[in-house]
Amino acid sequence: TIREMSLIGVDSLPIIMVISVSTGAVLAFYLGGVLVRFGAVAFVGGTVALSFMLELGPILAGVMVAARSGAAISAEIGSMVVTEQVDALRSLAVSPVRYLVAPRIVACVLMMPLCGLVSDAAGLLGSLVMAGNQGVPVSAFLESVRAMSSDADLIKGLIKTLWFGLTIATVACRQGLAAERGAVGVGRATTSSVVLCVVLIFVSDFFLAQLLMGASIA
């Protein structure tokens, strides 16, 4: 499980940081240009912070982990299936679900909140730098973040990452175990795993947003 936590979570952090910094910078580029023009400098930092805490951070982390680690999980388990290593485990009275699936699910669920936090921090850093170039003072940006966002917003985003982690690991393992017909089957399982994970992340995000916002309003 610890090995899988390193492979799934820690090894995914560099690409998550690069994508999040770039996305945060682009978001601040557009927002800064519009809001500064209308004299709404005080809303730039808070808008970016809410966007990343509630949506962009969890989504970007989930998609990157699905594309990188989800594909790797499907390919690894699929290769074990077509080379009959999974059958060998069964012949030794070792459950493939307990030995192969469970550690990956636990690792992915535990590491996704960390990936989400890193995505949030990287996105805010990129937006802070770009907002400064757009004429937004650092003090105004940070004050806007403090005024418009809260710990509850961060927690809502982290709750999403837990579900995304469970979805990614479950789908990737399921597709890997269903692989057949040699290398072609492994390739198809890997492709379908990534596509299905990304689709489920976006679809479930819609319902999670409704559920979490409804809970906060109630």
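The rules behind the values
- Residues numbered from 1 in each chain as written.
- Predicted model: local features only at pLDDT ≥ 70, side-chain atom pairs only at ≥ 80, totals over all residues.
- Heavy atoms only, no water.
- Axes fitted to C-alpha atoms, helices over the stretch in contact; angles between N-to-C directions.
- Helix = DSSP H or I, 4+ residues; strand = E, 2+ residues; numbered from the N terminus.
- Parallel < 35°, antiparallel > 145°, perpendicular 65-115°, else oblique.
- Left-handed = near helix turned anticlockwise from the far one by under 90°.
- Nonpolar A, V, L, I, M, F, W, Y, C, P; charged D, E, K, R; others polar.
- Buried < 20%, exposed > 50% of the residue type's maximum accessible area, 1.4 Å probe, protein only.
- Arc of directions from axis to C-beta.
- Contact = heavy atoms within 4.5 Å.
- Patch = residues over 30% accessible without salt bridge, like charges linked within 9 Å, V, L, I, M, F, W, Y side chains within 5 Å.
- Areas by Shrake-Rupley, 256 points an atom, 1.4 Å probe, with all protein chains shown as cover.
- Salt bridge = Lys/Arg side-chain N within 4 Å of Asp/Glu carboxyl O.
- Phe/Tyr/Trp six-rings, centres within 6.5 Å; stacked < 30°, edge-to-face > 60°.
- Core = buried A, V, L, I, M, F, W, Y, C linked by side-chain atoms within 4.5 Å.
- pLDDT = per-residue confidence, 0-100.
- Bend = angle between axes of the 7 residues up to and from the residue.

Colleague: Please clarify how the packing of helix α3 (residues 44-82) against helix α7 (residues 151-177) should be interpreted in this entry.
Modeller: When two helices pack together, their arrangement is given by the angle between the helix axes and the distance between those axes. Taken N-terminus to C-terminus, the directions of α3 and α7 make an angle of 15°; their axes are 8 Å apart at the nearest point. As far as their axial angle goes, α7 and α3 are roughly parallel. The hand of the α3/α7 crossing is right-handed. Partitioned by chemical class, the residues of the contact of α3 with α7 number 16 nonpolar, eight polar and four charged.

Colleague: How should helix α6 (residues 138-148) be read in this particular structure?
Modeller: Note: α-helices contain 3.6 residues per turn, so residues at a spacing of three or four share the same orientation. Listing the buried residues of α6 in full gives Phe-141, Ser-144 and Val-145. Looking straight down α6, one finds that the buried residues subtend no more than 100° of arc, so they occupy a single side. Exposed side chains of α6 directed beyond 90 degrees from the buried face belong to Ser-139, Arg-146 and Ala-147. Those residues of α6 that are buried are in contact with α3 and α5 (96-133).

Colleague: Just checking my understanding: could you explain a nonpolar patch on the surface for this structure?
Modeller: A contiguous nonpolar surface patch, about 480 Å² in accessible area, is contributed by Val-195, Val-199, Val-203, Phe-206 and Phe-207. Here Val-203 is to be found in helix α8 (residues 182-217).

Colleague: How do you make sense of the packing of α5 against α7 when you look at a structure like this?
Modeller: Between α5 and α7, the shortest axis-to-axis distance is 8 Å and the interhelical angle comes to 145°. Crossing geometry of α5 relative to α7 is assigned as right-handed. Taking contact as the criterion, the partners of Val-101, Arg-104, Ile-105, Cys-108, Val-109, Met-112, Pro-113, Gly-116, Leu-117 and Asp-120 in α5 are, on α7, Leu-154, Leu-158, Thr-161, Leu-162, Phe-164, Gly-165, Leu-166, Ile-168, Ala-169, Thr-170, Cys-173 and Leu-177. Broken down by class, the residue content of the contact of α5 with α7 amounts to 16 nonpolar, four polar and two charged.

Colleague: I would appreciate a short explanation of the packing of aromatic side chains in the present structure.
Modeller: Aromatic ring pairs: the centre-centre distance and the angle between the two ring planes describe each pair. Tallied over the full model, the rule gives two aromatic pairs. For the ring pair Phe-29 and Tyr-30, a centre distance of 5.4 Å and an interplane angle of 70° mean the geometry is edge-to-face. Phe-29 gets classed as partly exposed once you look at its relative accessible area, which sits at 42%. Arranged with centres 5.2 Å apart and planes meeting at 80°, the rings of Phe-206 and Phe-207 form a pair that is edge-to-face.

Colleague: Would you mind going over the nonpolar core with me for this structure?
Modeller: It is characteristic of soluble globular proteins that their nonpolar side chains tend to be buried jointly. In terms of nonpolar packing, the biggest core is built from 31 residues, with Val-65, Cys-108 and Ile-168 touching the most fellow members. Mapped onto this core, the elements with two or more residues apiece are α2 (13-37), α3, α4 (85-91), α5, α7 and α8. In terms of residue count, α3 provides more of this core than any other element does, ten residues in total. For Cys-108, the residues in contact, after removing those within four places along its chain, are Ile-8, Val-65, Gly-165, Ile-168 and Ala-169. Of all hydrophobic cores here, the second largest spans nine residues; its members include Val-44, Ala-49, Ala-131 and Val-145.

Colleague: Where do I start with the confidence of the model for the protein chain in this structure?
Modeller: Should pLDDT be low for a region, the predicted coordinates there are not to be read in detail. Of all residues in the protein chain, 98% have pLDDT values of 70 or greater, and the mean over the chain is 90. Mean pLDDT across the elements of the protein chain ranges from a minimum in α8, with 87, to a maximum in α7, with 94.

Colleague: Could you clarify how one ought to interpret α3 in this entry?
Modeller: At Phe-52, α3 shows its maximal kink, close to 55°. Glu-84 occupies a position one or two residues after α3 and carries a positive phi of about 65°.

Colleague: So what exactly am I meant to see when it comes to the environment of Val-21 here?
Modeller: Of note, Val-21 is situated in helix α2. Of the residues examined, Val-21 reaches a relative accessible area of 32% and is grouped as partly exposed. For the pair Val-21 and Gly-214, spaced 193 residues apart in the sequence, the C-alpha separation amounts to 30 Å. What Val-21 contacts, discounting residues up to four positions off in sequence, is Ala-122, Gly-123 and Gly-126.

Colleague: I would appreciate a short explanation of unusual backbone geometry in the present structure.
Modeller: Backbone geometry at Glu-84 places phi at a positive 65°, although glycine is not the residue there. With respect to the secondary-structure elements, Glu-84 resides in the loop between α3 and α4. If you check the backbone angles, Ala-93 has positive phi at about 65° while not being a glycine. Structurally, the position occupied by Ala-93 is in the loop between α4 and α5. By relative accessible area, Ala-93 is classed as exposed at 74%.

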